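Given next are the chains, with one letter for each unit.
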Amino acid sequence: MIDFRSDTVTKPSAQMMSAINSAPVGDDVYGDDPTVNQLEHMSAAMLGKQAAIFAPSGTQTNLLALMSHCDRGDEYLVGQLAHTYKYEAGGAAVLGSIQPQPIEMNVSGEIDLELAATYIKPDDIHFARTKLFCLENTTMGRVLSLDYINAAGQFCKQKKLAFHLDGARVFNAAVKLGADVIDIVKPFDSVSICLSKGLGAPIGSVLVGSHELINKARRHRKMLGGAMRQAGLIAAAGIYALENNISDLALDHDNAQYLANELAQFDDLMVTYDPAIYTNMVYVQSKSGQFQSIADALLQHDIKISPSKNTRFVLHRDISHDNIDSLITQLKHYYHQVKSNA
Ligand SMILES: *Cc1c(COP(=O)(O)O)cnc(C)c1O
């Protein structure tokens with residue numbers, strides 16, 4: 001199966017499995033799992049923050065951050081299409097009693113800071129208390145510029161807002177910019193990273209921040225059912241991923257650009273991919289609106305895509321250059337078939 005739906009579909013390699021097999025473990029709820037402790041120390045150091053906490057998913061590390069920055073009746077500013085707002089089942093509101101204030105994002109995935117300022121509510125009994133600003137990097141495959149991130153950091157300082165990064169794919173951003181990830185996350189008070197996307201681990205995310213914030217997050221993780229026992233088994237895969245797989249993300253970016261160029265040969269397809277800001281995702285629209293039937297045809301040849309109005313092709317370590325050529329061959333067959341049936 002060649003699976004373009006997401007970089008979450010990557011499976012652990014043989015070397016990663018052997019790291020899992022040889023991991024020393026203990027009960028992490030007692031703080032006794034040496035492999036989890038190692039992953040947490042390593043993540044904090046790599047991202048330049050004081051402390052870290054390991055959790056089963058990025059949805060949970062984002063929620064831990066939101067619940068640790070905000071109290072009941074507080075509010076966070078967030079992009080209209082951001083994962084923490086749109087794709088986490090409303091967890092901040094449902095489980096944290098934290099009100100989201102969604103704000104339009106521009107084509108680069110940025111929230112305009114002057115616009116954001118207009119949403120900050122004055123101290124008044126009518127309003128929720130605006131506490132936190134959230135960004136996502138990369139966001140829908142786009143990398144945020146360092147200038148924007150630093151301006152947003154200044155904005156948060158000035159407005160006395162805490163600043164959280166959903167950095168599910170922040171290593172894609174670092175590789176794309178050729179920057180140290182520490183510089184990309186410097187202005188943020190907390191950062192959530194996913195080990196289970198392009199980095200290739202089967203399970204797991206890490207939240208980093210100050211000791212104080214991470215201590216709060218530990219209580220929330222227990223409450224949410226995310227405190228695990230011999231979690232070193234999965235933390236070992238995360239350590240392996242951080243030690244070995246980050247630089248490989250550049251291949252995914254190269255493959256995305258190659259795919260975008262190849263897709264451009266089809267008259268029916270409108271391809272969105274700007275190599276200056278896009279990383280491992282290519283967005284494609286069909287002028288004649290036939291992505292569902294394209295998906296059905298591709299599936300016959302063991303190629304999976306998630307058809308939608310703006311179909312996302314995601315490149316990852318389990319998709320090779322040859323796999324992209326297979327996709328293009330099948331698309332040629334498909335359009336040839338459509339033409340001869342017309
Ligand atoms: C995948 C993802 C998450 C977390 O997802 P989980 O599936 O819960 O690990 C958070 N933010 C973004 C932008 C993501 O892509």
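Note that the structure is a prediction, hence the values are computed from the model and not measured.

(A) View of the overall build of the protein. Tallying secondary structure elements over the protein gives 14 helices and 12 strands in all. The C-alpha atoms of the protein give a radius of gyration of 21 Å, which matches the 20 Å a tight globule of 342 residues would have. In the protein, buried positions account for 52% of the 342 residues. Nonlocal contacts in the protein, meaning residues at least 24 apart in sequence, comprise 73% of its contacts between residues at least 6 apart. For the protein, the computed accessible surface area is about 15400 Å², with 51% contributed by carbon and sulfur atoms.

(B) Main features of the site of the ligand. In the vicinity of the ligand, the residues found are Ser57, Gly58, Thr59, Asn62, His83, Glu88, Glu136, Asp166, Ala168, Arg169, Cys194 and Lys197. The separation between a nitrogen atom of the ligand and a polar side-chain atom of His83 is 3.5 Å. The side chain of Asp166 places a nitrogen or oxygen atom 2.6 Å from a nitrogen atom of the ligand. When isolated, the ligand has an accessible area of 380 Å², and the protein chains bury 81% of it. Considering every element that reaches the shell around the ligand, the biggest residue donor is helix α3 (residues 58–69), with three residues.

(C) The pairing of strand β5 (residues 129–136), seen in detail. Most of β5 sits out of view: six of its eight residues are buried. Sheet topology places strand β3 (residues 74–79) next to β5; four bridges connect them, and they run parallel. Bridging across to β5, Asp74 finds its partner in Arg129. Across five bridges, the pairing between β5 and strand β6 (residues 162–167) is parallel. Note on β6: the bridge partner recorded for Glu136 is Asp166.

(D) Examining the pattern of salt bridges more closely. Summed over the entire model, instances satisfying the criterion amount to 10 salt bridges. Among the salt bridges present, the one from Asp74 reaches Lys131, with a minimum N-O distance of 2.7 Å. Of the two residues, Asp74 is situated in strand β3 and Lys131 in strand β5; the sequence distance between them amounts to 57 residues. Here Lys131 falls in the partly exposed class, since its relative accessible area comes to 29%. Ionic pairing is found between Asp248 and Arg317, a salt bridge with its closest N-O pair at 3.0 Å. Of this pair, Asp248 sits in the loop between α11 (232–244) and α12 (249–263) while Arg317 is found in the loop between β12 (311–314) and α14 (321–341), placing the two residues 69 residues apart along the sequence. The class for Asp248 is partly exposed, based on a relative accessible area of 25%.

(E) Representation of the sheet that holds strand β10 (residues 281–286). If you trace the three strands from one edge of the open sheet to the other, you get β9-β10-β12, paired in antiparallel fashion. The sheet is open, and its two borders are formed by β9 (269–272) and β12, each paired with just one other strand. On average, adjacent strands in this sheet sit at an angle of 30° to one another, irrespective of strand direction. Here β10 runs beside β12; their pairing, made up of four bridges, is antiparallel. Considered in β12, the bridge of Val282 is made with Phe313. In the packing of α12 onto the sheet, the strands contacted are β9, β10 and β12, and the crossing angle to β10 comes to about 20°.

(F) Quick look at the packing of helix α13 (residues 291–299) against α14. Contact pair α13 / α14: the axes reach a minimum separation of 10 Å and the direction vectors enclose 120°. Taken together, α13 and α14 sit at an angle that is classed as oblique. At the point where α13 passes α14, the crossing takes the right-handed sense. Every residue of α14 that contacts α13 at Ser293, Ile294, Ala297 and Leu298 is listed here: Leu327, Gln330, Leu331, Tyr334 and Tyr335. Residues that form the contact of α13 with α14 fall into these classes: seven nonpolar, two polar and no charged.

(G) Fine view of the side chain of Asp3. In this structure, Asp3 sits in strand β1 (residues 2–3). In this structure Asp3 touches Val9, Lys304, Val314, His316 and Ile319, once residues within four positions along its chain are discounted.

(H) Highlighting unusual backbone geometry. In this model, Asn137 is joined to Thr138 through a cis peptide bond whose omega is 0°. Of note, Thr138 is situated in the loop between β5 and α7 (146–159). The backbone of Ser97 shows a phi angle near 55°, a positive value even though the residue is not glycine. Mapped onto the fold, Ser97 is located in the loop between α5 (91–96) and β4 (99–103). Despite not being glycine, Asp302 has its phi angle at roughly 60°, a positive value. Assignment of secondary structure puts Asp302 in the loop between α13 and β11 (303–304).

(I) Highlighting the environment of Ile324. Here Ile324 is to be found in helix α14. Exposure remark for Ile324: the relative accessible area of 0% places this residue in the buried category. Other than its neighbours up to four places away in sequence, Ile324 contacts Asn255, Tyr258, Leu259, Leu315 and Ile319.

About the thresholds
- Residues numbered from 1 in each chain as written.
- Predicted model: local features only at pLDDT ≥ 70, side-chain atom pairs only at ≥ 80, totals over all residues.
- Heavy atoms only, no water.
- Helix = DSSP H or I, 4+ residues; strand = E, 2+ residues; numbered from the N terminus.
- Rg over C-alpha atoms; globule rule 2.2 N^0.38 Å.
- Buried < 20%, exposed > 50% of the residue type's maximum accessible area, 1.4 Å probe, protein only.
- Contact = heavy atoms within 4.5 Å.
- Areas by Shrake-Rupley, 256 points an atom, 1.4 Å probe, with all protein chains shown as cover.
- Near = heavy atom within 4 Å.
- Polar contact = N/O pair within 3.5 Å; in protein donor to acceptor, adjacent residues only side chain to side chain.
- Pairing = 2+ DSSP bridges.
- Salt bridge = Lys/Arg side-chain N within 4 Å of Asp/Glu carboxyl O.
- Axes fitted to C-alpha atoms, helices over the stretch in contact; angles between N-to-C directions.
- Parallel < 35°, antiparallel > 145°, perpendicular 65-115°, else oblique.
- Left-handed = near helix turned anticlockwise from the far one by under 90°.
- Nonpolar A, V, L, I, M, F, W, Y, C, P; charged D, E, K, R; others polar.

Any functional reading would require information beyond the geometric quantities listed.
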